[in-house]
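Results of the structural survey
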Amino acid sequence: MAVAKRVSDEPAFVLHSYDWSESSLILEVFCRQQGRTALVAKGAKKPSSNFRPVLLPLQPLLVTYTLTGDGHADIHTLKGAEWVGGHVMPTGDALLSGMYLNELLLRLLARADPHPALFDAYAGVVRVLASEHGDALEAVLRSFELLLLREIGLLPGLDVQTMTFDPLEPNARYTLVPEGGLRAASAADRAGLTGSQWQALQRGLDDVASYTATLRACAPVATELKPQLRALLQYHCGSPTLRTRQLMIDLQAL
């Protein structure tokens, strides 16, 4: 008989929720020490539920739940959730960007695979999204995409050419492609960075304070980095196109 283990006051964010019954929800949450976790919030849809105003995306929470079996495959029972506070819900483009990041985490992170450093970076990004610093939005998103890809082992080294391990020439241009990693840019490549810019990104990722350092390195190259990282992320997410990405495209077409 499996013995229930209690996880108490675990820092977490709700990534997605969906109906489980007339009164309950299944939550996909990103926990700092437990990784991506599925929880059932019984009675959360009832008007009188204490969960109802708390279980919102892009809000820092402390959750308590019971974990049964080996802790890897089950949907666990949420026992408590407390809003930590500190910022309001992002709105507009920032809200859409936050939902995009949530979809990336749902598609790319395995269950019960902890990534505390990535969690801390995500928490930092959410604070920026809620602060209405629109001028920092692109650099923040690019830095998180890089950190996510690196954390789950899908980002090649950015200081050498992937296929040949040849060093990068500081002033030559290189492009990041899904099938071949980092390679010399051709005339047909619409986006690319110089060798020195790619090397600066790698130094940011390697820095002890990788979130801040990567954000600083992304700021001057965010525009050209965007299509390269989006193609790489979509490649690893597979089909269909990310829902939030398609929504962004549709809104831009209006």
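Structural data are supplied above this passage.
Cut-offs used in this document
Residues numbered from 1 in each chain as written. Predicted model: local features only at pLDDT ≥ 70, side-chain atom pairs only at ≥ 80, totals over all residues. Heavy atoms only, no water. Helix = DSSP H or I, 4+ residues; strand = E, 2+ residues; numbered from the N terminus. Rg over C-alpha atoms; globule rule 2.2 N^0.38 Å. Buried < 20%, exposed > 50% of the residue type's maximum accessible area, 1.4 Å probe, protein only. Contact = heavy atoms within 4.5 Å. Areas by Shrake-Rupley, 256 points an atom, 1.4 Å probe, with all protein chains shown as cover. Lys, Arg positive; Asp, Glu negative; His and termini not counted. Charge placed at Lys NZ, Arg CZ, Asp CG, Glu CD. Phe/Tyr/Trp six-rings, centres within 6.5 Å; stacked < 30°, edge-to-face > 60°. Lys NZ or Arg CZ within 6 Å of the ring centre and 35° of its normal. Polar contact = N/O pair within 3.5 Å; in protein donor to acceptor, adjacent residues only side chain to side chain. Expected span 1.5 Å × (residues − 1). Salt bridge = Lys/Arg side-chain N within 4 Å of Asp/Glu carboxyl O. Axes fitted to C-alpha atoms, helices over the stretch in contact; angles between N-to-C directions. Parallel < 35°, antiparallel > 145°, perpendicular 65-115°, else oblique. Left-handed = near helix turned anticlockwise from the far one by under 90°. Nonpolar A, V, L, I, M, F, W, Y, C, P; charged D, E, K, R; others polar.

Attention now moves to the overall build of the protein. From N to C terminus, the protein includes seven helices and eight strands. In terms of overall size, the protein behaves like a compact globule, its C-alpha atoms giving a radius of gyration of 20 Å where 254 residues would be expected to give roughly 18 Å. C-alpha atoms of the protein, sized along the principal axes, occupy 60 × 45 × 35 Å. Across the 254 residues that make up the protein, the buried fraction comes to 47%. Long-range pairs, those at least 24 residues apart, make up 61% of the contacts in the protein between residues at least 6 apart in sequence. Accessible surface, the protein as shown: approximately 12600 Å² in total, 54% of it carbon and sulfur. Considering the protein, the positive charge centre built from 23 side chains and the negative charge centre built from 26 side chains are found 5 Å apart.

With that settled, the discussion passes to the packing of aromatic side chains. Tallying each qualifying case throughout the model produces five aromatic pairs. Seen in terms of ring centroids, Phe30 and Phe119 are 5.4 Å apart; in terms of plane orientation they differ by 65 degrees. Their pairing is edge-to-face. With a gap of 89 residues between them, Phe30 in strand S2 (residues 25-31) and Phe119 in helix H2 (residues 116-130) connect regions that are remote in the sequence. Overall, the relative accessible area of 0% leaves Phe30 in the buried class. According to the relative accessible area criterion, Phe119 is buried, its value standing at 5%. Taking NZ or CZ as reference, Arg230 lies 4.4 Å from the ring centre of Tyr100, over its face.

With respect to the element layout, Ser24 can be found in the loop between strand S1 (5-19) and S2. Given a relative accessible area of 5%, Ser24 falls into the buried group. Polar contacts involving the side chain of Ser24 include one to the main-chain amide nitrogen of Gly43, which spans 3.0 Å. Among all residues touching Ser24, those that are not within four sequence positions of it are Asp19, Ala41, Lys42, Gly43, Ala44 and Lys45.

For the rest of this paragraph, the subject is H2. With 15 residues, H2 should reach 21 Å at 1.5 Å per residue; the first-to-last C-alpha distance of 21 Å fits that figure. Along H2, 11 of the 15 residues are buried, which leaves the element largely enclosed by surrounding structure. Residues Leu118, Phe119, Ala121, Tyr122, Ala123, Gly124, Val125, Val126, Val128, Leu129 and Ala130 constitute the buried set of H2. Each element contacted by the buried residues of H2 is listed here: S1, S2, helix H1 (92-108), helix H3 (137-151) and helix H5 (210-218).

Take Asn171: it is sitting in the loop between H3 and strand S6 (173-177). It is 6.7 Å that separates the C-alpha atoms of Asn171 and Ser196, two residues lying 25 residues apart in sequence.

Before going further, it helps to spend a moment on the pattern of salt bridges. What the rule picks out here adds up to 11 salt bridges. The partner of Glu138 in a salt bridge is Lys226, with the nearest N and O atoms 3.9 Å apart. A residue pair is termed long-range when its members are at least 10 positions apart, and Glu138 in helix H3 and Lys226 in helix H6 (residues 222-237) qualify at 88 residues. Judged by relative accessible area, which is 22%, Lys226 ranks as partly exposed. One network of salt bridges, in which partners are shared, links Glu138, Arg142, Glu145, Lys226 and Arg230.

A word on the packing of H3 against H6. For the pair H3 and H6, interaxial distance at closest approach is 10 Å and the crossing angle is 40 degrees. Relative to H6, the element H3 is oriented oblique. For the pair H3 and H6, the sense of crossing is left-handed. Across the interface between the two elements, Glu138, Ala139, Leu141, Arg142, Glu145, Leu146 and Leu149 from H3 touch Ala222, Leu225, Lys226, Leu229, Arg230, Leu232, Leu233 and His236 from H6. For the contact of H3 with H6, a count of residues per class yields nine nonpolar, one polar and five charged.

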